There are 4 protein chains.
Amino acid sequence: MNTFGKNVRVTIFGESHGAAIGCTLEGLPAGFKLDMEALNAFLARRAPGGQGLLTTQRKEKDQPEILSGIQDGVLTGATLCAIIRNGDQHSKDYSNLKDCPRPGHSDYPAAVKFHGYNDIRGGGIFSGRLTAPICIAGGILRQILEKEEGIVIGAHLAQIAQVGDDVFDPVKVSAAALRRLDKKEFPVLCDEAGEMMKREVEAARMSCDSVGGVVEAAVVGMPPGIGDPMFYGLENRLSQALFAIPAVKGVSFGDGFYASMVHGSENNDPYVIDGKGRVRTVTNHCGGILGGMSTGMPIVFRAAFKPTSSIARPQQSISLSRKEVQELRVVGRHDPCVAIRAVPVVIAATALAIYDALREPRP
Amino acid sequence: MNTFGKNVRVTIFGESHGAAIGCTLEGLPAGFKLDMEALNAFLARRAPGGQGLLTTQRKEKDQPEILSGIQDGVLTGATLCAIIRNGDQHSKDYSNLKDCPRPGHSDYPAAVKFHGYNDIRGGGIFSGRLTAPICIAGGILRQILEKEEGIVIGAHLAQIAQVGDDVFDPVKVSAAALRRLDKKEFPVLCDEAGEMMKREVEAARMSCDSVGGVVEAAVVGMPPGIGDPMFYGLENRLSQALFAIPAVKGVSFGDGFYASMVHGSENNDPYVIDGKGRVRTVTNHCGGILGGMSTGMPIVFRAAFKPTSSIARPQQSISLSRKEVQELRVVGRHDPCVAIRAVPVVIAATALAIYDALREPRP
Amino acid sequence: MNTFGKNVRVTIFGESHGAAIGCTLEGLPAGFKLDMEALNAFLARRAPGGQGLLTTQRKEKDQPEILSGIQDGVLTGATLCAIIRNGDQHSKDYSNLKDCPRPGHSDYPAAVKFHGYNDIRGGGIFSGRLTAPICIAGGILRQILEKEEGIVIGAHLAQIAQVGDDVFDPVKVSAAALRRLDKKEFPVLCDEAGEMMKREVEAARMSCDSVGGVVEAAVVGMPPGIGDPMFYGLENRLSQALFAIPAVKGVSFGDGFYASMVHGSENNDPYVIDGKGRVRTVTNHCGGILGGMSTGMPIVFRAAFKPTSSIARPQQSISLSRKEVQELRVVGRHDPCVAIRAVPVVIAATALAIYDALREPRP
Amino acid sequence: MNTFGKNVRVTIFGESHGAAIGCTLEGLPAGFKLDMEALNAFLARRAPGGQGLLTTQRKEKDQPEILSGIQDGVLTGATLCAIIRNGDQHSKDYSNLKDCPRPGHSDYPAAVKFHGYNDIRGGGIFSGRLTAPICIAGGILRQILEKEEGIVIGAHLAQIAQVGDDVFDPVKVSAAALRRLDKKEFPVLCDEAGEMMKREVEAARMSCDSVGGVVEAAVVGMPPGIGDPMFYGLENRLSQALFAIPAVKGVSFGDGFYASMVHGSENNDPYVIDGKGRVRTVTNHCGGILGGMSTGMPIVFRAAFKPTSSIARPQQSISLSRKEVQELRVVGRHDPCVAIRAVPVVIAATALAIYDALREPRP
């Protein structure tokens, strides 16, 4: 099932080289005026080519067509369906993969699961291209969160290979800072780090290789007490959404794995009352989430991306039919670092989870 | 909603100091003979006191009573309900927490969410005690997985504070090795590391503090092609289950965050055909999951636990009513390191997710 | 899956002769003071024996024990679990049914579905006794609907065999009229019709037979615009809940099947503005539901119950093992007309559906 | 939420006069060769105009475009999305309905629910046109049921106004008989009754009025033991699907409401072993369903349709803005009897429910 959410429900469909990709989106508010220009600008951040040679050289026109749920630019409250037609496909590039699975790719388990009937062209349903409809759905919800609830979501490239960016100040990160990142072609907090990252990516590309990275995201303006205990906590909902993004192999909240190394006296966040009489914490090691619920502080988390599995250098694989080892060369155009274009996808997945939690009926 | 799963459905109920805690479990196979002795032994691993002074000194008798879904020890296929009566409660210990939220605990966001009506005694629904019903449900499913499907789940304490255990060999980890861990009072691969860990925990306890830790788990015997694309991949299901465990702040699969630092040529796992004609990978950096689906290799992942938030040393908090800072001393008996007793809980949560994925109707 | 609802979630568990029956109930409002006396009075209406010889002579003490989700009589907002211990069971009565399925009963398809492992004693999970937990859940929700939303649900025996009661006036039926029915031992609008019905039931009992009946229900005080299009309309939700009651074979709204015989000009309900400026309809052939949504008029519908399938007179069945016809005599104590005790169950099922629809996040 | 199903999931989207209508369909079997010609023939049965003047004179070209989930005519196992572009719309016909709700239509409750933002043109999401995507989804599932499982679904017009067709013999109804109905332009068992029905419809049309009707459906070839207890029984699933069809006001199984009038000795279906050693019932009053599960006998049920609410003759309504009564004339082209074109829609809704139940993991 390609469906996420309980109160807002998103279903993603499409294969990379099929007729179209898209999503349906249920649970939208009637009367909201959608900013199509802002939505297209958001989608452009994910689109290939927007970041020069650092990303794939395929050209996509990811302008969605909205088929339902909207009238004169205003949401009707009905199920929205948006599609993006596919085009510019080099389907012949993928002809040998049915028998010879790419290491690090979903080819082999997918062939088992779908008895060989899955559409393998361009990665089929497992293609990074399927993150475009996530961005449509998340891009719409993000607008609603910002305009109706004052909740702002942003993200930056926290790390590529072993080069780290600055990190969000989990207490002070502001909506303005997140919006500034939105406008950056290469979304980092420290531009010098960004330049080093670019060199890492370029070096990987030149050596027919790829690199991994980390995206750090923040949600600002979240009211306290949102999220449900146990299986529907914010961490559960967010991680369910984030692991839907291809290549994500780890998700952590607040200090995450680092918190496992310290003492409770260091990790607990003391409470304080701010000048406006609001409850705040002095530190925010928990990443704005306690017991699965928002504390009212910024929500801060990280998603780790493995390096792109499609690399041009020869790799060892097997022939499934002949049951023997063979060398594989993956042709086609691929991002040397998926994390870069994943920044808006992380934002979109976050919007899905946050919106779903916010719309949970109150106890 | 305290419910997990689509094909098997687990609902957890109960508050720490209410009448009882328990779970309902739907989607069980009719005719399976439940091994109650093994289930009770599994629950005993989570029960407090089993690990000496390293864990809380409360005494619980976590013997579940199964109210339905079973006849003469055999599952009927109907919804199973199991309960554990509460007892040995020092409810007065928690009297001041309604106004003065404990740092690092769910007290404050819970008070907001439930308008102050939540049962705060012993942590209420947010108590670690609620992991007992997770262990009942997961303990039952684990038996079914092992006996019906040949799938074995195990886990060890991979780290406490900054002391690390050996790690699972993600290619060779065996069912026998996992079963050996089951029998250990302090489940580590390297007993010397275990002794050092114990000293860390004891030191924290002596200084009225607590420490975090990491649990590493493995699933052996998983057939390839299990798991669904995007939102219902194995990583999504596992993380949704794992983040239900109190204090988990990070989840990673295979090399996880480390994979974000390396190149694709290092991270991709080359395919090979083994002596029995089966498809295997030479390495297993991906942790046995690609595209959300099992590769047939061991599934390996980590869950990071923050240090216990309830610590005896004085902390800064606030009075919600008077809107002013005040000092807080948390009394009561608490584990100095929740990760220790969390090992069986991680196994149980894993069983929930794996069983649910296995029972998904095949495409 | 024995689970109903999206915004409130009810899971029913238990077998007739197992340890206990019960339910979990998620999605309750924190802070609501439960009236236990009213709940027990409501349950007593379903309990056997309350209606003299007209119903089964088994004695049940259907006092529920609430295990969670409540503190000092006030809902905490957490998952509520309530159980009723089983007792007074004559399990030997059912010994031959494993091989010889009772006509009209679920024995045969259940044996196929559960491979013979289902608990057949007393009907197991298919027993009418399982309607007791529906009444617990629905009885709690009904209180909330009445006190928090001003919505009142009531029902009466509209027909037994071929004897009909008066029908609800779908325009004028009032909360007061529904409450009056609550207090009646034999809930009919016209007591003369009630006496005739009783004679029909008694005649059936005397001839070792049973009779069917119809329950008509009404929901008063429903605001307009509640219910969702297509698969989650009020009719869909109500029918999903009502067909969970054993022996229900038909559900109709407003004029129901009669509406299929008339013209649109007769069936359409003209709009009018009442003295308080509210939109009303002059007639209410549609039963208060259009397009799956409430019109603000009373919701009126009917549920048809087949005659009790357990009858004492000899019936033709088969031996499943020997594959041959044999005569069957069903022993044990059974209601000659299940519709009588079903009146509160219909009310309870209605409360489940209405509450779930009301709690749907607004578009 | 416009979504149906647990194991197969169907989401319907689109407004009558928006860009397109369509559906997504999750849970399909990989490798099934779709017969597009048969699918289009099935959709043509629902399309307006196929039945002469008896149905609406609008022209629709309901040829679906399948955007995903299919490659070279074979299902890939991925989410299928199919759309039908809208066209030939006379949107101005509906201009006054925003303020003046049509009696018997969803206009008023929809305006309340969606705060006036719903697309009212052509009925928006409440249009009968939205049954086209139900037919796409159900038409696909029906093919799979027939070819993979040997399960055949058929239906006929059992009644229009007060003219009744013959009824299905619930014991002997055959796949061949159901297939014959498929080929009939006016699907009745008795053609004389069909001619009388046509005269009723024509008379209603001539007097600017409409008539109701009943569709009777049968499912042949169903194995025993399919369906789940309580809330997910076959009756629950079927009624949830059937009440999604606009104008359905009643659903009954087997003898339905008639069963409420008779004795248990008349209504129980005695068991017998047939010549092939299979368990059968001599009669089939229960409509092939006991305890929510299939008995292995034909499943037989009825859906009652109210008369078309859009009628040309003047009706009394109100102005919502001015809060006063006014006369309304509904212009536009409407079926005088929705039941006629609803026959394939009932079949499609049945396929949704049956397929979902069949794919439930076995206990």
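Whatever comes next refers back to the structure up there.
A few points on the structure. (Residues numbered from 1 in each chain as written. Chains lettered and ligands numbered in written order. Predicted model: local features only at pLDDT ≥ 70, side-chain atom pairs only at ≥ 80, totals over all residues. Heavy atoms only, no water.)

Brief notes about empty space enclosed by the protein
And step 1. For the structure shown, the criterion picks out 17 cavities of 30 Å³ or more.
And step 2. The calculated volume of the largest cavity comes to roughly 950 Å³.
And step 3. Lining the largest cavity are 42 residues, and of these A:Arg9, A:Tyr232, B:Arg9, C:Arg9 and D:Arg9 sit closest to its centre.
And step 4. Taken together, the elements giving at least two residues each to the lining of the largest cavity come down to β1 (3-4) and α6 (234-242) of chain A, β1 (3-4) and α6 (234-242) of chain B, β1 (3-4) and α6 (234-242) of chain C together with β1 (3-4) and α6 (234-242) of chain D.
And step 5. Taken together, the residues of the lining of the largest cavity break down into 11 nonpolar, 15 polar and 16 charged. (1 Å grid on protein atoms, 1.4 Å probe; cavity = no way out; pocket = protein on both sides within 12 Å on 5 of 7 lines; lining within 4 Å. Points joined across faces, edges and corners; volume = space filled by probe spheres on them. Helix = DSSP H or I, 4+ residues; strand = E, 2+ residues; numbered from the N terminus. Nonpolar A, V, L, I, M, F, W, Y, C, P; charged D, E, K, R; others polar.)

Focus on the relation of the copies chain D and chain C
Here the second copy of the chain follows from the first by a rotation about an axis and a shift along it.
And step 1. Screw-axis analysis of chain D against chain C gives a translation of 0.0 Å along the axis, an RMSD of 0.0 Å, and a rotation angle of 180°. When the rotation and shift are considered jointly, the pair of chain copies conforms to a two-fold rotation axis.
And step 2. Here 100% of the interface residues in chain D have copies in chain C that are interface residues too; the copies meet face to matching face. (Least-squares fit on C-alpha atoms with pLDDT ≥ 70 in both. Contact = heavy atoms within 4.5 Å.)

A look at the interface of chain D and chain C
And step 1. Of the residues lining the interface, 101 residues belong to chain D; the matching set on chain C comes to 101 residues.
And step 2. Summed over the three residues of chain D that lose the most area to chain C, namely D:Phe231, D:Lys249 and D:Tyr271, the buried surface amounts to 10% of that side.
And step 3. Our count for the contact surface shared by chain D and chain C stands at four salt bridges.
And step 4. In this structure, C:Asp228 engages D:Lys113 in a salt bridge whose closest nitrogen and oxygen atoms are separated by 3.2 Å.
And step 5. At the boundary of chain D with chain C, the tally comes to 40 residue pairs in polar contact (both at pLDDT 80 or more).
And step 6. Tallying contributions element by element places strand β11 (residues 248-253) of chain D first for the side of chain D that touches chain C, with six residues. (Buried area = accessible area lost by both parts, 1.4 Å probe. Salt bridge = Lys/Arg side-chain N within 4 Å of Asp/Glu carboxyl O. Polar contact = N/O pair within 3.5 Å; in protein donor to acceptor, adjacent residues only side chain to side chain.)

A look at the interface of chain A and chain D
And step 1. At the interface, 43 residues of chain A touch 43 residues of chain D.
And step 2. For the pairing of chain A and chain D, the buried interface totals around 3000 Å² over both sides, and the portion due to carbon and sulfur atoms is 56%.
And step 3. Taken as a group, A:Met1, A:Leu67 and A:Tyr117 account for 20% of the area that chain A buries against chain D, more than any other trio of residues on that side.
And step 4. In this assembly, chain A and chain D are joined by two salt bridges.
And step 5. The residue D:Glu65 makes a salt bridge to A:Arg85 at a minimum N-O spacing of 2.7 Å.
And step 6. Across the contact surface, chain A and chain D share 15 residue pairs in polar contact (both at pLDDT 80 or more).
And step 7. Among the secondary structure elements, those contributing two or more residues to the side of chain A that touches chain D are β2 (9-14), β3 (20-26), β4 (65-68), β5 (70-71), β6 (74-75) and β7 (80-85) of chain A.
And step 8. At five residues, the largest contribution of residues to the side of chain A that touches chain D is made by β2(A).

A short note on the pattern of salt bridges
And step 1. Counted under the stated rule, the structure contains 80 salt bridges over all chains.
And step 2. Across the salt bridge formed by B:Asp182 and B:Arg142, the nearest N and O atoms sit 2.8 Å from each other. Pair noted here: B:Asp182 is in helix α4 (residues 175-183) and B:Arg142 is in helix α3 (residues 131-149), with a separation of 40 residues, a long-range link.
And step 3. Note on B:Arg142: relative accessible area 9%, which makes it buried.
And step 4. Put simply, A:Lys6, A:Asp228, A:Arg237, A:Asp356, A:Glu360 and B:Lys113 are held in one network by salt bridges that share partners. (Buried < 20%, exposed > 50% of the residue type's maximum accessible area, 1.4 Å probe, protein only.)

Just distances and angles here, no functional claims.
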